[in-house]
Amino acid sequence: RKRGERVACLLLFFVGVLAWDRTGPKRGGSRRRARVTKKQGLGGRVLRFQLCVTMPQNEHIELFQKRYGKRLDHEERTRKKEARSVHKKAEYAQKTLGIKGKMYAAKRYKEKVQMKKTLAMHAESDGKRRSNEEPKKGAIPAYLLDREQASRSKVLSNTVKQKRKEKAGKWEVPLPKVRPIAEEEVFKVLRSGKRKRKQWKRMITKATFVGQSFTRKPPKYERFIRPTGLRFTKAHVTHPELKTTFCLEIIGVKKNPNGQTMTQMGVITKGTVIEVNVSELGLVTPGGKVVWGKYAQVTNNPENDGCINAVLLV
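Source: prediction; values computed, not measured. (Residues numbered from 1 in each chain as written. Predicted model: local features only at pLDDT ≥ 70, side-chain atom pairs only at ≥ 80, totals over all residues. Heavy atoms only, no water.)

Participant: An account of helix α3 (residues 74-95) is requested, with residue identities and associated values reported.
Facilitator: With 22 residues, α3 should reach 32 Å at 1.5 Å per residue; the first-to-last C-alpha distance of 30 Å fits that figure. Where α3 bends most, at Ser 85, the angle is about 30 degrees. (Helix = DSSP H or I, 4+ residues; strand = E, 2+ residues; numbered from the N terminus. Expected span 1.5 Å × (residues − 1). Bend = angle between axes of the 7 residues up to and from the residue.)

Quick look at the structure:
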C-alpha cells in the first residue's frame, strides 16, 4: 500500500508540472502557478503541488530603445549613477554585519587586488626597453656585441626625485619611533548636567599649546577642555651642533605622531614635532635672510616633568 502511495505521489507531481494554469499571468506578470489537488484513492489525504516558474522577460527595454531612442540626459544620468555607486558600495559595506559583511568585504578586497594588478600591468615600468633607433654604422667592440641598445624610460624627473628626498630628509628625527598613546589616556571623560548623566565633554590630560589669541568657549558649549596648568608657551630646545640649550617660544604644533586630532588640539607628547622661534639664535639662510622659525622634536614626557625638552631639527 505504501509503495502504491509513493507511485501516486510521483504521478501527481508530474501532472502538476505539466498542468499549467491557462488563465494567464498573475498580477506580477512574470510567474505562473500550477496547482493540483487530489482527494481520491489515498485514504482521504490531500496532496497539493505548487510550482513557481519564472517566465522569460524578453528584451523589452532594448526593443523600446531601438524604436524610440533614449532620454536626452541618458549618458549624464548613467555617468552620475556610476559615480554614486562607489559611495553606495562603501555605505553598504559599513552597514553590513556578520557573515554577510565578511563575504562582501572579501569580495571587495578581491576586486581591489585585481584592479591594482591591472593598473600595475598598464603602468609605465622603469625597466629597460629596446630602442627603435637604427644601429650606427661602423665596427662595434666585442664587449658591446651582446648588449642591446637600450634606453630607460623615467617616470619621474630627477628634480621631482630630489624634492622627494629633501622632503623625506626633513623628517629624519632623533626619535623615529614612539609609544602610541590611546585616546582614553589623553581624553578624560567629564560628566556634566544636573544629574551628571551627560558624557560628551573631554578633558585633555597631556601638555598642550594654545596661541596667544586663544579664547575659551563658554563652559556650556566647550567640549574639549585644555587645563591652564598644562598649557605651555616655551620649550627648552637643544641645538645638536652647538651643544647648547635655549629657552625658546613655541609657535605651533606641527605634527603629533598619535594622530591628526591631537595635532589640531595642540597636544604635545613625546615625539611631537613643534615649531619654535629661533630669531634669538641669529640663524641666517644662504640668501642672507634671518630664520625665525624652525622645527624641533620633543624628547621627554612634558606632563610628568613639567617642562618641554626638545632637539632642534637642523
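Participant: Quick rundown of the packing of aromatic side chains? Include the residues and the values.
Facilitator: What the rule picks out here adds up to three aromatic pairs. Their ring planes at 50 degrees and their centres at 4.8 Å tell us that Phe 64 and Tyr 68 sit as a pair that is tilted. Remark: Tyr 68 and Phe 64 occur in helix α2 (residues 60-68); sequence separation between them is four residues, near one turn of the helix. Judged by relative accessible area, Phe 64 falls into the partly exposed class, the value being 48%. The class of Tyr 68 is exposed, set by a relative accessible area of 60%. When the ring of Tyr 92 is compared with that of Tyr 104, the centres are 4.8 Å apart and the planes differ by 85 degrees; the resulting orientation is edge-to-face. Taken together, the positions of Tyr 92 in helix α3 and Tyr 104 in helix α4 (residues 98-122) put the pair 12 residues apart, joining distant regions of the chain. Residue classification places Tyr 92 among the partly exposed residues on the basis of a relative accessible area of 40%. (Phe/Tyr/Trp six-rings, centres within 6.5 Å; stacked < 30°, edge-to-face > 60°. Buried < 20%, exposed > 50% of the residue type's maximum accessible area, 1.4 Å probe, protein only.)

Participant: Describe the sheet that holds strand β12 (residues 273-277), and please don't skip the residues or the numbers.
Facilitator: Around the barrel, five strands lie side by side as β9-β10-β12-β13-β14; this closed barrel has mixed pairing. Averaged over all adjacent pairs, the angle separating strand axes in this sheet is 50 degrees, with direction ignored. Inspection of the sheet shows strand β10 (residues 244-255) paired to β12 by four bridges, in the antiparallel sense. Bridging from a neighbouring strand, Ile 250 pairs with Val 276 of β12. (Pairing = 2+ DSSP bridges. Axes fitted to C-alpha atoms, helices over the stretch in contact; angles between N-to-C directions.)

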